[in-house]
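# A closer look at the structure
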Amino acid sequence: MKSYRFILLPLIGLLFGQLAHALEFTDVTAAAGIDHVFDQDVANLDSDLEHPVMTGGAVAEDFNGDGWIDLFVLQGGTSPNLLYINQQDGTFVEEAVSRGAGQTGRHTAACGADYDSDGDIDLMVVNAVTGGHLLLTNDGTGHFSLDTTQFPEPVMRNSSASWADVNGDGLLDLAVGAWNDVGGGELRQEGDISIYRNQGAGSFAAYQKLAGRWNYVPHFADLNGDGWVDLLAVADFNQTKWYFNNGSGVFLPGGSSDIENGMGVATGDPDNDGDLDIFMTAIRDENVDPSVIQTGGTGTSGNRFLRNTGDGEFVDETTSAGVRDGYWGWGAVFGDFDNDGDEDLYHVNGWPAYIVDEPYAGTPSVLFQNDGSAVFSEVAASSGDAADTGQGRCVVSFDYDNDGDLDLFIVNNSEVEPLTGGNFNVNPGQPVLLRNDTLNAGNWLKVRVEGSAPYHSHGMGARIHCSLPSKNQMREINASSNYNGHGPYRIAHFGAGTDLEFDRVRVAFPGGQEVWMDDVAVNQEIVIHSPKATATATQVDPADS
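All residue numbers refer to positions counted from 1 along the written sequence of the respective chain. pLDDT decides what is reported in this predicted model: residues at 70 or higher carry local features, side-chain atom pairs at 80 or more are listed and counted, and totals for whole chains, interfaces and linings draw on all residues regardless. Values shown for side chains rest on all heavy atoms present in the structure; no hydrogens or waters enter the calculation.

## Things to note about the sheet that holds strand β9 (residues 133–138)
To keep it simple, the criterion reads: Two strands qualify as a pair provided that DSSP identifies no fewer than 2 bridges between them. A run of H or I in DSSP counts as a helix once it spans at least four residues, and a run of E counts as a strand once it spans at least two, with each numbered from the N terminus. Only the stretch in contact is used when fitting a helix axis, every axis being a line fitted to C-alpha atoms; angles between N-to-C directions are given from 0 to 180 degrees.
Here four strands make up an open sheet; going across it, the order is β7-β8-β9-β10 and the pairing antiparallel. Looking along the sheet, the strands with just one partner apiece sit at the ends: β7 (107–113) and β10 (144–151). When the angles between neighbouring strand axes are averaged without regard to direction, this sheet yields 25 degrees. One ladder, built from three bridges, connects strand β8 (residues 122–127) with β9; its direction is antiparallel. Across the sheet, residue V125 finds its bridge partner in β9, namely L134.

So this is what it looks like as structure tokens:
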């Protein structure tokens, strides 16, 4: 195994002192120029009561390559999808149609990654009820060309999609889920997860289907730490399970969870022990004993936190972690929101009152703050505008203003009320951009990977380990959906607390090779190249952080 060592000169003038850990988020949606409302698929509400109110997705990524994260946002009805280009001053300008990304249709979810390894971020958009899903190829400037021939399946009540290099050839493959039963009527079909292998030159081939039912999110992550991405299939009605990669890109049954209604998912390392733990959102009725697991129907025992024992085996520590209660949960994300060196957790929720009797309309999003040992406290109500009460479906975390802390973007579906004669009153959902304004937050570091063959261009699947005197942290580079979308998770974000440098930043690539850098100053973004390459760094003035 070869290793490479690079040393950066430390920054001077870093801010330090005792940290206050009170999280604070401010709603800056209007000020940032995000002015749309969610276009609900009203025409199909009568014939398909549930699926249209599950939709709403987004991808946060740097689509035009200027170093600032943009927002691609889906619409659900007749309005075109949206592409907000970051203006580098705290605002966005919507340019989807002029950039070739303003398609219309019943779109459920999106995922973004460099599938053709040319250095820019492409997009895949999931159609809700047909095949011919959208592949949008970036020309490098944030302009896109459309192909609807690569992904013909699944074809009914389709859900989320995720990218990963499943066979180690440096090219990103794709998984697409569907929220369906097996048989049972016009709107039902076999709810397989369809996996497509990237053949290069913009061509994909179907090569594996994972038989399952009611899939919401196919989420790629290396669950057993063997260097190969596995697949977590988060699903409704007691159907959640995961599959291990056999080392050649074929997925074999691995395990399952007793979660009754798995909705959204986040994988991360909130206990800083070097492996990936699993958090899944679900439905919680606090009047029901959580130890009573319901089989079929709407179970209400709540979220799940599964701690990894290090080899792909998991222990349910939901209750002791304090993350069970999240109402009717959907999208979720881990992130070190206070930059103290451990990952916190945020998730959105909601469900129309006319579909179920339980009161899940107007429930607040939840923010779980980590105490450093993967024990969490729910603090949304005391964290500024974090407790959004919209019909939250997708949430992504990203540093939109490049100040070193993680912000949040929420996609809210609409509030829907049935009227007589098959009509509906629709109150369009409002998007929410939450700027992280946490005072005295800790120092930070961002790490990106640039790879050359046989590695993916952005190092997908690599693990980044950052060492501080008091703790070690790990992030896995990915382009996996949390529910209907994701953030720029090819950029690993680390908090450092009051520490002024990381002792070591180490990148472990799939296949076993490693690159490391020692004595890395905080409050900057660094780029580490795959083995036999060089490393570069961009320093940030702490006064601008």
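Continuing now.
## Topic: the layout of surface pockets
Spelled out, the test is: Definitions used throughout: a 1 Å grid over protein atoms alone; a cavity as a set of points that fits a 1.4 Å probe which cannot get out; a pocket as an open set with protein on both sides within 12 Å along at least five of seven lines; a lining residue as one with an atom within 4 Å of a point. Grid points are joined across faces, edges and corners, and a volume is the space filled by probe spheres set on the points. Just so you know the grouping, Ala, Val, Leu, Ile, Met, Phe, Trp, Tyr, Cys and Pro go in nonpolar, Asp, Glu, Lys and Arg go in charged, and all remaining residues, Gly too, go in polar.
The volume enclosed by the largest pocket comes to roughly 1000 Å³. Taken together, 50 residues make up the lining of the largest pocket; nearest its centre are K446, P488, R490, I491 and A492. Among the secondary structure elements, those contributing two or more residues to the lining of the largest pocket are β15 (215–221), β19 (265–268), β23 (329–335), β27 (391–398), β32 (443–450), β34 (472–476) and β35 (491–497). At four residues, the largest contribution of residues to the lining of the largest pocket is made by β32. Here the residues of the lining of the largest pocket sort into 19 nonpolar, 17 polar and 14 charged.

## Observations regarding unusual backbone geometry
What counts is decided by this rule: Buried residues are those whose accessible area, probed at 1.4 Å on protein chains only, stays under 20% of the maximum for their type, while exposed residues exceed 50% and partly exposed ones sit between those limits.
Looking along the chain, the bond that leaves E153 and enters P154 is cis, with omega of -5 degrees. Summarising the element assignment, P154 is placed in the loop between β10 and β11 (158–164). A453 connects to P454 through a cis peptide bond whose omega is 15 degrees. Residue position: P454 is located in the loop between β32 and β33 (463–467). For N238, which is not a glycine, the phi torsion comes out positive at approximately 65 degrees. Within the secondary structure, N238 sits in the loop between β16 (230–235) and β17 (241–245). Located in the positive-phi region is Y327, a residue other than glycine, with phi close to 60 degrees. Mapped onto the fold, Y327 is located in the loop between α1 (318–321) and β23. The exposure class of Y327 is partly exposed, given its relative accessible area of 34%.

## With respect to empty space enclosed by the protein
One pass over the full model with this rule turns up four cavities of 30 Å³ or more. By volume, the largest cavity amounts to about 40 Å³. Around the largest cavity sit D41, H51, P52, T55, G76, R106, H107 and A128, which together line it. Of the residues belonging to the lining of the largest cavity, the class tally is two nonpolar, four polar and two charged.

## Concerning the sheet that holds strand β2 (residues 25–27)
As summarised here, the arrangement of the four strands in space is β2-β31-β28-β27, forming an open sheet in which the pairing is antiparallel. Of all the strands in the sheet, just β2 and β27 have a single pairing partner and so form its edges. The mean inter-strand angle of the sheet, taken between neighbouring strand axes irrespective of direction, is 25 degrees. Here β27 pairs with strand β28 (residues 407–413) via seven bridges, running antiparallel. Across the sheet, the residue bridging to Q391 is N413, located in β28.

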